[in-house]
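# Secondary and tertiary structure notes
Here are the chains, one letter per residue:
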Amino acid sequence: MNEREIEFAAAAIRDADSVAALTGAGVSTASGIPDFRSEDGLWTEYDPNDFHVRRFRADPEGFWRDRLTLVEDLFGDAVDPNPAHEALAELESAGHLNGLITQNVDGLHQDAGSDDPIEIHGNGRRVVCTGCKRRFEADPVFERVRDGEAPPTCDDCDDVLKPDVVLFGEQLPEHALFRAQSLTESADAFLAVGSSLTVEPAASLPRVAQNNGATLVIVNLDRTKLSGQAEYDFRADVTEALPRLVEEVLAE
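This is a predicted model, so every value here is computed, not measured.

Each value, and the rule that gives it
Residues numbered from 1 in each chain as written. Predicted model: local features only at pLDDT ≥ 70, side-chain atom pairs only at ≥ 80, totals over all residues. Heavy atoms only, no water. Phe/Tyr/Trp six-rings, centres within 6.5 Å; stacked < 30°, edge-to-face > 60°. Helix = DSSP H or I, 4+ residues; strand = E, 2+ residues; numbered from the N terminus. Buried < 20%, exposed > 50% of the residue type's maximum accessible area, 1.4 Å probe, protein only. Axes fitted to C-alpha atoms, helices over the stretch in contact; angles between N-to-C directions. Parallel < 35°, antiparallel > 145°, perpendicular 65-115°, else oblique. Left-handed = near helix turned anticlockwise from the far one by under 90°. Contact = heavy atoms within 4.5 Å. Pairing = 2+ DSSP bridges.

### A short note on the packing of aromatic side chains
Applying the stated criterion across every chain, the model contains five aromatic pairs. Measuring from ring centre to ring centre gives 6.2 Å for F51 and F63, while their planes differ by 70°; the resulting arrangement is edge-to-face. Here F51, found in the loop between α2 (25–29) and α3 (53–58), pairs with F63, found in helix α4 (residues 60–74); they are twelve residues apart in sequence, far enough to count as distant. Pairing Y232 with F234 gives two aromatic rings, centres 6.5 Å apart and planes at 5°, and the pair type is stacked. Across this residue pair, the class does not change: Y232 and F234 are buried. Taken together through their ring pairs, the aromatic side chains of F51, F56, F63, W64 and F142 make up a single cluster.

### Some details on the packing of α4 against helix α7 (residues 138–146)
In the contact formed by α4 and α7, the axes pass within 10 Å of each other and the chain directions differ by 120°. Classified by the interaxial angle, the pair formed by α4 and α7 is oblique. In the packing of α4 onto α7, the handedness of the crossing is left-handed. Listed contacts from α7 to W64, R65, R67, L68, V71 and E72 of α4 are V141, F142, V145 and R146.

### Thoughts on the sheet that holds strand β3 (residues 118–119)
In spatial order, the strands read β3-β2-β1-β7-β8-β9; together these six strands make up an open sheet with parallel pairing. Each edge of the open sheet carries a strand with a single partner, namely β3 and β9 (232–235). When strand β8 (residues 215–220) meets β9, the two strands line up parallel, connected through four bridges. Of the residues in β9, the one forming a bridge with V217 is Y232.

### What about the environment of V53?
Checked against the element boundaries, V53 lands in helix α3. Looking at V53, the relative accessible area reads 3%, which means it is buried. In this view, V53 contacts L167, F168, G169 and E170; residues no more than four positions away in its chain are not counted.

### Digging into the sheet that holds strand β4 (residues 122–129)
If you trace the three strands from one edge of the open sheet to the other, you get β5-β4-β6, paired in antiparallel fashion. Looking at which strands have only one partner, the edges of the open sheet turn out to be β5 (135–137) and β6 (161–165). Here the average twist between neighbouring strands, direction ignored, is 45°. As paired strands, β4 and β5 are joined by three bridges and run antiparallel to one another. Bridge pairing links V127 to F136 in β5. Across the sheet, α7 touches β4, β5 and β6, and the angle it forms with β4 is around 70°.

Have a look at this one:
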């Protein structure tokens, strides 16, 4: 990483009135969570159609059994926040990050101390009732599936429970999307961290921010489609580059 560019990017973030951040799978993989879309991603082992909302509606029993297997592959061992999660929480705590948008569903930003991240793809630690819309912790529900209750049903209304994530074929939650767009449009600096910037609509947020005058800072191991347009493009491990950037922001 170019230290001079780190200093300039840090100054842009420090001097901004409003800073937004977007995180993608590259932040979660650093904690040992497999990604989905890479050459070795989980979609090479699983059929995405098995996790389509059509499958959930037509075959909730089979869906839930496959969902349990998928979750055990994702979180078979305990996973913890990594230095990238912690750096963003520190930036927010210091008053230099006004909001965090994440494409990830693992809840690790909350574990690191981020306050109310905007989860545009939902949260896999919760389930939601398809009837009364109440939300519950997911772990006890997965335990019920392990014990043979598939599909699991709501204790209150007996309707089928669904993972509180956006399945294939579903729309993103309107409120989360509205919050993400509002935060993006008001940002003077926008951080895109660990995202390939290929999955819409999240992929368009950095461009929206930049079109509204924001300084765009990308931290990602690989080149993204916006790398050539970003004011600062750090091609590095997010667990190293982001803590270094935040350290510089907080140095003055």
